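Letter by letter, the chains look like this.
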Amino acid sequence: MIDLITVVFREELPLLEIQARSINQYVAPEDIANIYVIVNDSDDVADLIDPNWWQLHKEKVQIKKYSQWNYISRVTGWESQQICKLLGASEAESNWSMVLDAKTWFVDYLNLTCLFTNGKSNSGLGGISPHFVSSQQFVEQYYNVTMPQVIGPAGVPFMFHTDTVYSMIQEFDDFPEFFQTNVRFPNLITEFHLYSGYVLHKYGTYATLYNKTHYYNVCNICHSQANDFNSLIKVMRSDPQLLTASIHRKVYNLLSPDQLLDWNNYLREKHLIVNDLEFLK
């Protein structure tokens, strides 16, 4: 069994509801121990989240507020979301947790026998984008490691080993302060780079916990890839190993009406929506 973790803020609640439906559609109850939903927003947003969205899994849903970690937030949005992912993963009850964004939706069945081999995560390794070179350089220097690749898929869904991320956080006197200082210019660290660097620092190799090969594929369309939508949605429809798909919320305003309709139809094909999405109109 694994735990699922999603960090969400108010504007993403419609996306979270679809994610919950995707979990109900494609994840077997016996494979999930807990579903943690972490509110990266004011505490009252937690009251707007209904565990019934998860249907078969509703008894496993635990809604957490970032305020429970009692740190003063100096960053917002994507930066603070990263802290929540790491803190949440460090408190998972299962040995492994899969971290998602609210916009990340399952589009095929999760099979834990494909997710792990010999107790190691089949995450593969991912390249480091030129946009994140400063993060790579900082982490390499901080942990005295060489990190030409990071644990795959260099984004979500990401598999955290609970004891390891907990150990990483415990090595800091004030982890939220450290992360908030370095997530911004000039270091621009990311949660996945920091964790990957720590794994190399602690074990000397990714191979202790992670296999180089991977079984599942993912497709995440960011706003810089809006022009590639037509080709990427073809990938979504044709890739037999695609586990999750997502579109960044900023992409919607960059798509044509026909492209929005195509995305809407894809979600219908995957049984994630019944009625047309209001936020696509």
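Everything below is about the structure shown above.
## Focus: the overall build of the protein chain
Then comes step 1: From N to C terminus, the protein chain includes nine helices and twelve strands.
Then comes step 2: Against the globule reference of 19 Å for 281 residues, the protein chain gives a C-alpha radius of gyration of 18 Å, in line with a compact fold.
Then comes step 3: In terms of overall dimensions, the protein chain has a C-alpha envelope of 50 × 40 × 40 Å along the principal axes.
Then comes step 4: Out of the 281 residues in the protein chain, the part that is buried amounts to 56%.
Then comes step 5: Relative to all contacts within the protein chain whose residues are 6 or more apart in sequence, the contacts with residues 24 or more apart total 80%.
Then comes step 6: Roughly 12900 Å² of accessible area belongs to the protein chain as shown, and the carbon and sulfur atoms make up 48% of that amount.
Then comes step 7: Here the protein chain contributes 20 positively and 31 negatively charged side chains, and the mean placements of these two sets differ by 3 Å.

## Observations concerning the nonpolar core
Then comes step 1: Counting 99 residues, the largest nonpolar core has I2, W54, M98, M168, Y195 and W263 as the members making the most contacts within it.
Then comes step 2: Apart from residues no more than four positions distant in its own chain, M98 is found in contact with I2, D3, L4, I5, F106, L110, L115, P157, F158, M159 and L243.

Criteria and cut-off values
Residues numbered from 1 in each chain as written. Predicted model: local features only at pLDDT ≥ 70, side-chain atom pairs only at ≥ 80, totals over all residues. Heavy atoms only, no water. Helix = DSSP H or I, 4+ residues; strand = E, 2+ residues; numbered from the N terminus. Rg over C-alpha atoms; globule rule 2.2 N^0.38 Å. Buried < 20%, exposed > 50% of the residue type's maximum accessible area, 1.4 Å probe, protein only. Contact = heavy atoms within 4.5 Å. Areas by Shrake-Rupley, 256 points an atom, 1.4 Å probe, with all protein chains shown as cover. Lys, Arg positive; Asp, Glu negative; His and termini not counted. Charge placed at Lys NZ, Arg CZ, Asp CG, Glu CD. Core = buried A, V, L, I, M, F, W, Y, C linked by side-chain atoms within 4.5 Å.

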